[in-house]
Structures are given as C-alpha cells and as structure tokens.
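# Coordinate inspection notes
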Amino acid sequence: MKLLRMTLENFKGIRQAEFDFGGHDANIYGANGTGKTTVFDAFTWLLFGKTSEERANFNPKTITNDGYVHNLNHSVECDVEINGSVTTFKRVFHEVYKKIRGNAETVMSGHTTDYYINGTPKKEKEYLKYWENVFPDEETVKLLTMPYYFPEMLHWEKRRGILLEICGN
C-alpha cells in the first residue's frame, strides 16, 4: 500500500490542505500546534473512523475560538496504490438538519458520515469490507501505519508474540 495523495477539507483546524506524497516516504514536521497530528488523525479516521490515539468518539469538525463551525462538510480523501492499482477513498462527516413542522427554521438533528470509493457512494459496511479484502485484519494496518501502535497501544502479550514470531524463541 502506497499513499499517493491526501486532501483535507474543514478537518479539525485545517480548512483546506493537499499533500502529494507520490507513494514515497514523507516526513511532516513543524512546531507544536501546527497540524502534524491532525494530518495523521485524518489518515487514521479515513481508514478506521478513529484518531491516531484510537479514540472512536472523535469529532473532525472545524473549531474556532467561538466553538464549532456549522454547516460544513468535513472530509478526508486519499489516493492509495494497492497492488499496482490506484483507488480513491473519501470519508465525509456532516451535520444533518431537519425542518420541524410548524417551525420556519431548520434544526440540527445529528451527524452522518458518507463513504466513497473511486467517487462512488458506499454504505459503511461496503467501505469497511473493501479494507478487509485488502488487509485481513485491522491490527495489521495499524501496525503498518501507526508508529505508536506497537509500543504503546498493542497489548504486551501480542507484542511479545509478534517479536517471538519475527526473532524466534
């Protein structure tokens, strides 16, 4: 798997950004608070719906000093090369508004997440199934894409098992 390109729109503190990785090793560096973790969170949210710290109740909304910005689509899109074929994945989080009968104004009724593969809308199960066909288990993807997953998040017995499998007993 090679990450070729990543586009963020209204994702946490990043209004608009595009990264052209070209499938090569890349480093993102900068001072604290400049968005390095936000970019990594965007990638892990695209894959797993969680932050890089495994928080599932993650909210990708744009935040300002006045609070959340409403009526925006918050999205991450990536071109990924898998076995020589390029596939575009996109996840979009947005608010849902409903008009209550007898009331002139619309009211926010919740949030929804939309999924796309190569520009085609998919149901969440179809989106996740695609990743399952590429990688048989989520843990393998996390080991390959999340630097701190092995030393900090993986249970010690699983870490030990992996090390013994690689190095021998």
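Quick caveat: nothing in here was measured; it's all calculated off a predicted structure. (Residues numbered from 1 in each chain as written. Predicted model: local features only at pLDDT ≥ 70, side-chain atom pairs only at ≥ 80, totals over all residues. Heavy atoms only, no water.)

### Some remarks on helix 5 (residues 156-167)
Between the first and last C-alpha of helix 5 there are 16 Å, a value that for 12 residues agrees with the 16 Å anticipated at 1.5 Å per step. G168 sits one or two positions beyond helix 5 and adopts a positive phi of about 90°. (Helix = DSSP H or I, 4+ residues; strand = E, 2+ residues; numbered from the N terminus. Expected span 1.5 Å × (residues − 1).)

### Side note on the nonpolar core
In summary, soluble globular proteins display a tendency toward joint burial of nonpolar side chains. Judged by nonpolar contacts, the single largest core of 29 residues is most densely connected at M6, L8, V76 and F89. The set of elements that each furnish at least two residues to this core consists of strand 1 (2-11), strand 2 (14-20), helix 1 (36-48), strand 5 (74-82), strand 6 (85-99), strand 7 (106-117) and helix 2 (124-134). Setting aside chain neighbours within four positions, we find M6 in contact with A17, E18, F19, F21, V39, A42, F43, V76, E77 and C78. (Core = buried A, V, L, I, M, F, W, Y, C linked by side-chain atoms within 4.5 Å. Buried < 20%, exposed > 50% of the residue type's maximum accessible area, 1.4 Å probe, protein only. Contact = heavy atoms within 4.5 Å.)

### Focus on the layout of surface pockets
Its boundaries defined by the atoms lining it, the largest pocket holds a volume of some 890 Å³. Around the largest pocket, the lining is made up of 27 residues, and of these A26, F40, F43, T145 and P147 lie nearest the centre. At the level of elements, strand 1, helix 1, helix 3 (138-145) and helix 4 (149-153) are the ones that each hand at least two residues to the lining of the largest pocket. With 5 residues, the top contributor of residues to the lining of the largest pocket is helix 1. For the lining of the largest pocket, the class distribution of residues is 17 nonpolar, 6 polar and 4 charged. Size it by volume and the second largest pocket reaches roughly 220 Å³. Around the second largest pocket sit 14 residues that line it, and L47, F48, L128, W131 and E138 are the ones nearest its centre. Elements that contribute at least two residues to the lining of the second largest pocket include exactly helix 1, helix 2 and helix 3. Top contributing element to the lining of the second largest pocket by residue count: helix 2, with 4 residues. (1 Å grid on protein atoms, 1.4 Å probe; cavity = no way out; pocket = protein on both sides within 12 Å on 5 of 7 lines; lining within 4 Å. Points joined across faces, edges and corners; volume = space filled by probe spheres on them. Nonpolar A, V, L, I, M, F, W, Y, C, P; charged D, E, K, R; others polar.)

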